[in-house]
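Notes for the structure review
These are the residues of each chain, in order.
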Amino acid sequence: MKLEIGESPAGAPSSVAERIEGMRESIAAEARALGRDPRGIVLVGVSKKQSVERVREALEAGLTDLGENYLQEARDKFAALPAVRKHFIGHIQTNKAKAIVETFDVVQSIDRLDAGVAIARAQAKAGKRVRALIQVNVSPSERFGVRADEAPGLARRLREDEGLEVDGVMAIGPLSPDPRVVREAFAAAAAAFAAVGGTTLSLGMSGDWREALAAGSTMLRLGTALFGARA
Ligand SMILES: *Cc1c(COP(=O)(O)O)cnc(C)c1O
């Protein structure tokens, strides 16, 4: 059978709504197989480099959370979309802390003390509270993130001295074809989460969400699996 451009092979999801529905079912099945309640897993749609049309379709299909890496792109996109919970998952530049706090509800990428201090002080000034996660580096291919053993000390310092609501840990998995390498990295992130405390372990992307669920992830950040290939 010859496919027209833009057409999907039979059985493959062709729309964002179908992809979301399919992923929800797969995640729920995987969670139940692990003895976990699927309702304990938050789905964040990573909408970087995706069109406003695709993102709007996702929100209409019931997606409640969006993640963005780039501040200006996020602001432009959010302005054209209905209300949604907004997660910043990109690298924090301290001179952008004010705009990050104004734009987002959750800041997942606190990867050093001065980034956390900047976010805490910006939210105090803005009269708004964000939820924060400590970004832990568990992968040699990742540039950012604190060492797992540094996460509890950083969390304590930001909570006690800066009044930041640190609600857990975020990590990006290694780009390894070996599931054992991924599992080991995710176990380190889960241990850091246990030591930091809070409610959220943000772990798992389109290529490694099953391993993430097995490691105890409570929040999956899915881009291409929900929206298709990025522009
Ligand atoms: C891009 C990105 C994602 C989503 O990646 P996919 O592989 O498209 O699911 C998740 N988390 C972070 C931090 C990202 O930068």
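In this text the structure is predicted, and so the values were computed from the model without any measurement. (Residues numbered from 1 in each chain as written. Predicted model: local features only at pLDDT ≥ 70, side-chain atom pairs only at ≥ 80, totals over all residues. Heavy atoms only, no water.)

A closer look at the overall build of the protein chain
Where we set the bar: What counts as a helix is a DSSP run of H or I of at least four residues, what counts as a strand is a run of E of at least two, and both are numbered from the N terminus. The globule rule used for comparison is 2.2 Å times the number of residues to the exponent 0.38, while the radius of gyration itself is calculated over C-alpha atoms. Each residue's exposure class comes from its accessible area (1.4 Å probe, protein chains only) as a fraction of the maximum for that residue type: buried when under 20%, exposed when over 50%, partly exposed otherwise. Whether two residues touch is decided by their heavy atoms; if any such pair falls within 4.5 Å, the residues are in contact. Note that accessible areas follow from Shrake-Rupley with a 1.4 Å probe, and for residues the cover is restricted to the protein chains shown. In summary, the charge assignment counts Lys and Arg as positive and Asp and Glu as negative, without counting His or the chain termini. Charge positions are represented by NZ for Lys, CZ for Arg, CG for Asp and CD for Glu.
Counting secondary structure elements, the protein chain contains 9 helices and 8 strands. Over its C-alpha trace the protein chain gives a radius of gyration of 18 Å, about what one expects of a compact globule, namely 17 Å for 231 residues. Based on the C-alpha atoms only, the size of the protein chain along its principal axes is roughly 65 × 40 × 30 Å. Within the span of the protein chain, comprising 231 residues, buried residues form 48% of the whole. In the protein chain, the share of contacts with a sequence separation of at least 24, taken over all contacts with a separation of at least 6, comes to 57%. Put simply, the protein chain shows about 11,200 Å² of open surface, and 51% of that area lies on carbon and sulfur atoms. Across the protein chain, the centroid of the 32 positively charged side chains sits 3 Å from that of the 30 negatively charged ones.

Some words on the nonpolar core
The condition is simple: Nonpolar cores are built from buried Ala, Val, Leu, Ile, Met, Phe, Trp, Tyr and Cys residues. Side-chain atoms within 4.5 Å join them into one set.
Core analysis: the largest hydrophobic core is formed by 64 residues, its most contacted members being Ile 119 and Ile 134. Ranked by residues supplied to this core, first place goes to helix α7 (residues 179-196) with 8 residues. Look past the residues within four positions of Ile 134 in its chain and what remains in contact with it is Gln 108, Ile 110, Val 146, Ala 151, Leu 154, Ala 155, Leu 158, Val 166, Gly 168, Val 169 and Met 170.

Overview of the site of the ligand
Note the following rule: A molecule or strand has a residue near it when one of that residue's heavy atoms lies within 4 Å. The term polar contact refers here to a pair of N or O atoms within 3.5 Å; inside protein, the definition further demands a hydrogen-donor-capable atom paired with an acceptor-capable atom, and it admits residues adjacent in sequence only when both atoms are side-chain atoms.
Near the ligand the following residues occur: Val 46, Lys 48, Asn 69, Ile 89, Ile 172, Met 205, Ser 206, Arg 221, Leu 222, Gly 223, Thr 224 and Arg 230. Contact between the ligand and Lys 48: an oxygen atom at 2.7 Å from a side-chain N or O atom of the residue. For the ligand, the accessible surface in isolation is 390 Å², of which the surrounding protein chains cover 89%.

Some remarks on helix α3 (residues 71-79)
Going by this rule: The reported arc concerns the directions from the helix axis to the C-beta atoms and nothing else.
Within α3, burial applies to Leu 71, Ala 74, Lys 77 and Phe 78. Take α3 and look down its axis: the buried residues cluster within an arc of 130°, on one side only. On its buried face, α3 is in contact with α2 (52-60), β2 (65-68), β3 (85-88) and α4 (97-103).

Re the packing of helix α5 (residues 113-126) against helix α6 (residues 151-162)
Our working definition: Axis definition: a line fitted to C-alpha atoms, over the contacting stretch in the case of helices. Angles run 0 to 180 degrees between N-to-C directions. If an angle is under 35 degrees, it is roughly parallel; if it is over 145, roughly antiparallel; if it lies from 65 to 115, roughly perpendicular; otherwise it is oblique. With the far helix as reference, a near helix turned anticlockwise by less than a right angle produces a left-handed crossing, and one turned clockwise produces a right-handed crossing. Note on residue categories: nonpolar means Ala, Val, Leu, Ile, Met, Phe, Trp, Tyr, Cys or Pro, charged means Asp, Glu, Lys or Arg, and polar means any other residue, Gly included.
Here α5 crosses α6 at 30°, and the two axes come no closer than 10 Å. Classified by the interaxial angle, the pair formed by α5 and α6 is roughly parallel. As α5 packs across α6, the resulting crossing turns out to be right-handed. On the side of α5, the interface is formed by Leu 113, Gly 116, Val 117, Ala 120 and Arg 121, while α6 contributes Leu 154, Arg 157, Leu 158 and Glu 162. Considered class by class, the residues forming the contact of α5 with α6 number 5 nonpolar, 1 polar and 3 charged.

Quick word on the pattern of salt bridges
Here is the rule we go by: For salt bridges, the criterion is a side-chain nitrogen of Lys or Arg within 4 Å of an Asp or Glu carboxyl oxygen.
Counting across every chain of the model gives 15 salt bridges. Salt-bridge contacts for Glu 102 lead to Arg 75; the nearest nitrogen and oxygen are separated by 3.4 Å. Taken together, the residues Glu 102 in helix α4 and Arg 75 in helix α3 connect sequence positions 27 residues apart. Of the residues examined, Glu 102 reaches a relative accessible area of 39% and is grouped as partly exposed. Of the residues examined, Arg 75 reaches a relative accessible area of 34% and is grouped as partly exposed. The residue Arg 121 makes a salt bridge to Glu 162 at a minimum N-O spacing of 3.0 Å. Within this pair, whereas Arg 121 is found in helix α5, its partner Glu 162 is found in helix α6, the two being separated by 41 residues in sequence.

A few points about the packing of aromatic side chains
Rules: What counts as a ring pair is set by centres within 6.5 Å for rings of Phe, Tyr and Trp (its six-membered ring), and what kind of pair is set by the plane angle: stacked under 30 degrees, edge-to-face over 60, tilted for all other angles. Placement of a charge over a ring requires the Lys NZ or Arg CZ to be within 6 Å of the ring centre, with the centre-to-atom vector within 35 degrees of the ring normal.
In total, this model carries 2 aromatic pairs according to the counting rule given. Ring centres 5.7 Å apart and planes at 75° place the aromatic pair Phe 78 and Phe 104 in the edge-to-face group. Here Phe 104 lies in the loop between α4 and β4 (106-110) and Phe 78 lies in helix α3, a separation of 26 residues in the sequence. A residue is classified by how much of its surface remains accessible, and Phe 104, at 0% relative accessible area, is buried. Sitting above the plane of the Phe 78 ring, Lys 86 keeps its charged end 5.3 Å from the centroid.

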